[in-house]
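Understanding the architecture of this molecule
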Amino acid sequence: HFDFWYNRTPYMISNNKETQNHRQSEQWDDRVSSEIELLQQVGKKNEQAFGQLYDAYSKVLFNTILLVVYERDEAEELLQDVFVQIWEKAQTYDKRLGPPVAWLIRIARNKAIDFLRSKRYKSQAMETSINEAEQITEQSARNNPDTAVIQKESSFVAERALGMLPIEQRVL
């Protein structure tokens, strides 16, 4: 009796693993198919499907954004922008490029990176403006001592006021 079971156990285990892998593969295919269907419905401007998509992926997308920008308030705002973009572009999803979740994460990540690039650009523009203002002030100081004092004082007050504004409001 022992030989009978011993000889068949490896086949049965192997068969069970194959069956399990097959089931997992089917579950994956079913999940991706339902994600594709949901995204197609969003592409047709189905608000209920959009709500389901939001409920299913908002946490994942929020965390993706947060890992890039590190600021919760900014991440929440960007998440809204991401879902607006998804609403507008859902019909452009191409399943040949990967599962829907990868497409959604790519949108969120790109939006966060674009935000950081924009933020850096704005801060660099602000630094340039301040430097230019300082140069003008220095040139004026050489020409008229009274004007120079007033301009230095104004420049100092303006810099402090600008420093108190959120970065996105500092650019003229």
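Please refer to the structure placed before this passage.
What this report covers is the structure whose coordinates are included nearby.

Here we take up the overall build of the protein. Secondary structure assignment for the protein yields five helices and zero strands. For the protein, the sequential pattern of α-helices and β-strands runs α-α-α-α-α. In the protein, buried positions account for 23% of the 172 residues.

All right, on to the nonpolar core then. The biggest cluster of nonpolar side chains holds 28 residues, and the ones touching the most others in it are Leu-39, Leu-53, Leu-61, Ile-65, Val-69, Ile-86 and Leu-104. Counting only elements with at least two residues in this core, the list comes to helix 1 (2–43), helix 2 (47–69), helix 3 (72–89) and helix 4 (100–143). Examining the composition of this core, we find that eight residues originate from one element, helix 2, more than from any other. In contact with Leu-104, not counting residues within four places along its chain, are Leu-39, Leu-53, Tyr-57, Leu-61 and Ile-86.

Note on helix geometry: an α-helix contains 3.6 residues per turn, so any two residues three or four positions apart are oriented the same way. Helix length check: helix 2 (23 residues) gives 29 Å between terminal C-alpha atoms against 33 Å at 1.5 Å per residue, more than 12% under. The principal kink in helix 2, of about 55°, is found at Tyr-57. For helix 2, every residue scored as buried is listed here: Ala-49, Leu-53, Tyr-57, Ser-58, Leu-61, Phe-62, Thr-64, Ile-65, Val-68 and Val-69. Where helix 2 starts, the residue carrying a side-chain oxygen 2.9 Å from the main-chain nitrogen of Gln-48 turns out to be Asn-46. Looking at the residues trailing helix 2, positive phi occurs at Tyr-70, about 65°.

About the cut-offs
Residues numbered from 1 in each chain as written. Predicted model: local features only at pLDDT ≥ 70, side-chain atom pairs only at ≥ 80, totals over all residues. Heavy atoms only, no water. Helix = DSSP H or I, 4+ residues; strand = E, 2+ residues; numbered from the N terminus. Buried < 20%, exposed > 50% of the residue type's maximum accessible area, 1.4 Å probe, protein only. Core = buried A, V, L, I, M, F, W, Y, C linked by side-chain atoms within 4.5 Å. Contact = heavy atoms within 4.5 Å. Expected span 1.5 Å × (residues − 1). Bend = angle between axes of the 7 residues up to and from the residue. Polar contact = N/O pair within 3.5 Å; in protein donor to acceptor, adjacent residues only side chain to side chain.

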